[in-house]
Amino acid sequence: MEIKTVTTEKLVFGGNTLAKIDNKTVFIPYTLPGETLSINIVQHKNDYDNAEILKIISPSEHRVEPKCKYYGLCGGCNMMHIDFEYQRVLRKQMLMDTFAQFNIDVTDKIEVVYDQDLNYRSRFQFTDGGLSQKSSNNIINIENCCCADKTINEYLSATEISKRPKGRVHIFGSEKIQGDKKLKIEKLVENYRNQEIKLKGKGKIKKLKENHYFAGTVLSPENQVTVNLLGKPVTFDVRGFFQSNLAVFEKVLKLICDTLPTGKNVLDMYSGCGSISTFLADNFDQVVLVEHNRDALVYAEQNMAGKNHMSYGLSGAAWVKNCAPSLPPFDACVVDPPRSGMEKEVLDYLCKSKIPFIRSLSCDPVTHARDAQKLIKAGYKLEKLYLLDFYPNTSHIESLAIFNLEI
């Protein structure tokens, strides 16, 4: 063992605190800033070391006893040893520091959007009925998760692990699910290709193959979930991506719509199943959806039925090259890219577009700050930055940036 005594300095992106030993950085998990610790160096790198706690000599006033008995074993939470309010302070500081690395000062522009700190999560992926152990392929048989929605915990407590589905299975549970069953578990079914979809509102039947932009997609009615968000039904596939924290997502939807004026045309880039477009349609005459995942776009068609819209099952780069030049100008844009950030072609398009209002969502602070830097250089003003606290007790950070074109 290589034992050292250190005092931690700050929490960094990823959830570890850093300390210094002979001017070399050491990263330590499950710690807080300002703690004095006895640590063991477990890994040497060229520029830094990794360590583990042996003893907490002087704990932070914000250190608390984790509420979860699996904490430290499960690969999910990594901030449950910190009181809830201070967690948000630290996540806010991490977001601020990340934007500062790109020379963007957001000190007076960040606001935190949050809801409950426990029992908030509706979406899980289980492996053989359990959760993966931290840094291991072992599976933990959990009977309760402090972060899970109560409908999921009711399922876990009532179903022994041997009777849960094998393999990797998605599950979604919430009181917001429409119908009597508040829990949807992924079922392995044959692909449904070129299915006919009965569009809500007009009652027409539309074959997917009629629209070459998203023909040949997969539709599985057995895996459909419909939730009620702010009074609107939104349908998606339990196997696909959907926000896990519905209470915070409703607040985000309201923020986006409330900060945009009404207009003619709005662009929803990386639209997914149309969960945002469904609400944008109330404020704009036409919504243009761009989404490379054509399976998600099938559900967007259902969610946008009866609303004036156009859907493109293309990558953002392909849409910019082949479709954007023929479309009328947009009054606003909402962009919600994957963790890697906007495609270069999409970012270049937005920088040149002169769209007056851009609302940028992100699940990665680094790529968000990188893309924000280019928008600011193109003449956009970052009016506000919201830390979206979708995942309390973790170091995961999502954010919403309010950009307006400076005149």
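Residues numbered from 1 in each chain as written. Predicted model: local features only at pLDDT ≥ 70, side-chain atom pairs only at ≥ 80, totals over all residues. Heavy atoms only, no water.

**Regarding the sheet that holds strand β19 (residues 309–312)**
Picture the strands of a sheet paired through backbone hydrogen bonds; they go either parallel or antiparallel.
In step 1: The eight strands are arranged β7-β22-β23-β21-β20-β17-β18-β19 in an open sheet whose pairing can be described as mixed. Unpaired on one side and paired on the other, β7 (110–113) and β19 mark the two borders of the sheet. Neighbour-to-neighbour, the strand axes of the sheet open up by a mean angle of 15°, direction not taken into account.
In step 2: Inspection of the sheet shows strand β21 (residues 357–362) paired to strand β23 (residues 398–405) by six bridges, in the antiparallel sense. Within the sheet, the bridge partner assigned to Ser362 lies in β23 and is Ser399.
In step 3: Helix-sheet contacts for helix α8 (residues 365–377) involve β21, β22 (380–388) and β23, and the interaxial angle to β23 is about 5°. (Pairing = 2+ DSSP bridges. Helix = DSSP H or I, 4+ residues; strand = E, 2+ residues; numbered from the N terminus. Axes fitted to C-alpha atoms, helices over the stretch in contact; angles between N-to-C directions. Contact = heavy atoms within 4.5 Å.)

**Quick word on the nonpolar core**
In step 1: Ranked by internal contacts, the top residues of the largest apolar core, which has 62 residues, are Phe172, Val227, Leu229, Phe242, Ile256 and Leu280.
In step 2: In terms of residues, this core owes the most to one element, helix α3 (residues 246–258), which gives eight residues.
In step 3: Residues in contact with Phe242, not counting those within four places in the same chain, are Arg123, Phe172, Val227, Leu229, Val234, Phe236, Phe249, Cys273 and Ser275. (Core = buried A, V, L, I, M, F, W, Y, C linked by side-chain atoms within 4.5 Å. Buried < 20%, exposed > 50% of the residue type's maximum accessible area, 1.4 Å probe, protein only.)

**Quick word on the pairing of strand β18 (residues 284–290)**
In step 1: In terms of burial, β18 is a largely internal element, six of the seven residues being buried.
In step 2: In this structure, strand β17 (residues 263–269) lies alongside β18, joined through six bridges in parallel fashion. Considered in β18, the bridge of Val266 is made with Val287.
In step 3: Of the strand pairs in this sheet, β18 and β19 are connected by four bridges, and their pairing is parallel. The residue of β19 that forms the bridge with Val290 is Tyr312.
In step 4: Each parallel crossover has a hand, and the one from β18 via helix α5 (residues 294–303) to β19 is right-handed. (Right-handed = clockwise from strand over helix to strand, strands pointing away.)

**Quick look at the sheet that holds strand β5 (residues 36–44)**
In step 1: The six strands are arranged β1-β5-β6-β4-β3-β2 in an open sheet whose pairing can be described as mixed. On the outer flanks of this sheet lie β1 (3–7) and β2 (10–11), each paired with one strand and no other.
In step 2: Note: β2 against strand β3 (residues 17–21), two bridges, orientation antiparallel. Residue pairing for β3: Lys10 is matched across the bridge by Leu18.

The values are spatial; any link to function lies outside them.
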